[in-house]
Amino acid sequence: MKYLQVLVLACFCALSGGCWFLVIGGAGAVGGYAVTRDTFEGVSSKGQEELLTAAHKVLAIMGTITDERPKDGEIVATVYGNHVVVDVIQINLTTSKLRVKARKNLLPSIGVAQDIYTKIMNQLE
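What counts and how
- Residues numbered from 1 in each chain as written.
- Predicted model: local features only at pLDDT ≥ 70, side-chain atom pairs only at ≥ 80, totals over all residues.
- Heavy atoms only, no water.
- Salt bridge = Lys/Arg side-chain N within 4 Å of Asp/Glu carboxyl O.
- Helix = DSSP H or I, 4+ residues; strand = E, 2+ residues; numbered from the N terminus.
- Buried < 20%, exposed > 50% of the residue type's maximum accessible area, 1.4 Å probe, protein only.
- Expected span 1.5 Å × (residues − 1).
- Arc of directions from axis to C-beta.
- Core = buried A, V, L, I, M, F, W, Y, C linked by side-chain atoms within 4.5 Å.
- Contact = heavy atoms within 4.5 Å.
- Axes fitted to C-alpha atoms, helices over the stretch in contact; angles between N-to-C directions.
- Parallel < 35°, antiparallel > 145°, perpendicular 65-115°, else oblique.
- Left-handed = near helix turned anticlockwise from the far one by under 90°.
- Nonpolar A, V, L, I, M, F, W, Y, C, P; charged D, E, K, R; others polar.

Looking now at the pattern of salt bridges. One pass over the structure, following the stated rule, counts eight salt bridges. When the shortest N-O distance is used, the salt bridge between Lys 97 and Glu 41 registers 3.9 Å. Here Lys 97, found in strand E7 (residues 96-104), pairs with Glu 41, found in strand E3 (residues 39-44); they are 56 residues apart in sequence, far enough to count as distant. Across the pair Glu 41 and Arg 99 runs a salt bridge whose closest N-O atoms are separated by 2.8 Å. Residue Glu 41 is located in strand E3, and its partner Arg 99 is located in strand E7; the two are separated by 58 residues in the primary sequence. Look at Glu 41 and you get buried, because its relative accessible area is 18%.

Take a look at the structure:
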């Protein structure tokens, strides 16, 4: 019976795509941000307009903006050959959620998403 439990746990860890420590530990937002396979997101004390302006500046420098929908809080760009989607969701008047998703050829690019997220947040300082 013990071997069955170990086998089930090993299969679960293998199928969770490297995020088993987040699932087992129950920690989904460490240090104010959350990470999935292709998305890096966090909460900022800035408004939606400030975050969109910073995201526009960063994406224009790093790559090519292909679509921009300020009313929806979304910017689509190509950065280092990756399809990048930046979403800014207003939580209240002074708080917004920034979500950066990056994929290249249907494969997640979490490093690119994290780099863009960090540069946007640094732009606000």
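The subject of this paragraph is helix H3 (residues 48-62). For H3, with 15 residues, the first-to-last C-alpha span of 21 Å sits near the 21 Å given by 1.5 Å per residue. Listing the buried residues of H3 in full gives Gln 48, Leu 51, Leu 52, Ala 54, Ala 55, Val 58, Leu 59 and Met 62. Down the axis of H3, the smallest arc covering the buried residues is 165 degrees, so these residues share one side. Among the exposed residues of H3, those oriented more than 90 degrees off its buried face are Glu 49 and Ile 61.

With that out of the way, let us pick up the environment of Gly 81. Looking at where Gly 81 falls in the secondary structure, it is placed in the loop between strand E5 (74-79) and strand E6 (82-90). Note on Gly 81: relative accessible area 48%, which makes it partly exposed. Taking C-alpha positions, Gly 81 is 6.6 Å from Lys 104, a pair spaced 23 residues apart along the chain.

Here we take up the nonpolar core. Counting 24 residues, the largest nonpolar core has Val 84, Val 86, Leu 98, Val 100, Ile 116 and Ile 120 as its most contacted members. Secondary-structure elements contributing two or more residues to this core are H3, E5, E6, E7 and helix H4 (110-123). The biggest single contributor to this core is H3, with seven residues. Ignoring any residue separated from it by four or fewer positions in sequence, one finds Val 84 in contact with Leu 59, Ile 75, Val 76, Ala 77, Val 79, Val 100, Lys 101, Ala 102, Val 112 and Ile 116.

This next bit is on the packing of H3 against H4. Remark: H3 packs on H4, axes separated minimally by 9 Å, with the N-to-C direction vectors making an angle of 125 degrees. Here H3 lies oblique to H4, going by the angle between them. For the crossing formed where H3 meets H4, the hand is right-handed. Residue-level contacts link Leu 51, Ala 54, Ala 55, Lys 57, Val 58, Leu 59 and Met 62 of H3 to Asp 115, Ile 116, Lys 119, Ile 120, Met 121 and Gln 123 of H4. In terms of residue class, the contact of H3 with H4 is made up of nine nonpolar, one polar and three charged.

With respect to the element layout, Thr 78 can be found in strand E5. Considering only alpha carbons, one finds Thr 78 and Ala 102, 24 residues apart in sequence, at a separation of 9.1 Å. Leaving out residues up to four positions away in the same chain, Thr 78 has contacts with Gly 63, Thr 64 and Thr 66.

Purely geometric stuff here, so don't read any function into it on its own.
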